[in-house]
Amino acid sequence: MCIFSETVYALPNRRKRGYTFGMKTAVSIPNELFDLAERLARRSRKSRSRLFSDALREYVARRSPDKITEAMDQALAEIGERNDPFVAVASRRRLEQSEW
């Protein structure tokens, strides 16, 4: 198990020295996962801290019902609302087959 710790300072009235303000935290992850993340950070030319922050942000966004609803609403707004009879029938059949 690898204990990973990064420091990002959030000091008032100080110039921003990184990509974000945040807090210091320590996280234990398996060595294999840490090694994979290290390689990915180097390949993508990101700091480890940035890589972990981006990954956590994406993880949280994918599991946030509000964010999912916002994304769906935005997609519908971009393509416009169309009433397609085939889609309506297929959707109804799929919903009838789903457990609620």
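Residues numbered from 1 in each chain as written. Predicted model: local features only at pLDDT ≥ 70, side-chain atom pairs only at ≥ 80, totals over all residues. Heavy atoms only, no water.

**Some points on the overall build of the protein chain**
Across its full length, the protein chain carries four helices and two strands. Going from N to C terminus, the protein chain has its helices and strands arranged as β-β-α-α-α-α. Taken over 100 residues, the protein chain has a buried fraction of 10%. Taking as baseline every contact in the protein chain between residues at least 6 positions apart, the subset at least 24 positions apart corresponds to 40%. Working note: accessible area of the protein chain is about 9300 Å², and carbon and sulfur atoms make up 54% of it. (Helix = DSSP H or I, 4+ residues; strand = E, 2+ residues; numbered from the N terminus. Buried < 20%, exposed > 50% of the residue type's maximum accessible area, 1.4 Å probe, protein only. Contact = heavy atoms within 4.5 Å. Areas by Shrake-Rupley, 256 points an atom, 1.4 Å probe, with all protein chains shown as cover.)

**Side note on the pattern of salt bridges**
This structure, assessed with the given rule, holds six salt bridges. Between Asp 54 and Lys 46 there is a salt bridge, with the nearest N and O atoms lying 2.8 Å from each other. Within the structure, one salt-bridge network assembled from shared partners comprises Lys 46, Arg 50, Asp 54 and Arg 57. (Salt bridge = Lys/Arg side-chain N within 4 Å of Asp/Glu carboxyl O.)

**Re helix α2 (residues 48-62)**
For α2, spanning 15 residues, the distance from its first C-alpha to its last is 21 Å, which sits close to the expected 21 Å at 1.5 Å a residue. Listed as buried for α2 are Ser 49, Leu 51 and Asp 54. (Expected span 1.5 Å × (residues − 1).)

**Side note on the confidence of the model for the protein chain**
The pLDDT averaged across the protein chain works out to 80; a share of 78% of its residues lies at or above 70. Across the protein chain, the secondary-structure element scoring lowest on mean pLDDT is strand β1 (residues 2-6), at 57, and the one scoring highest is helix α1 (residues 31-44), at 96. (pLDDT = per-residue confidence, 0-100.)

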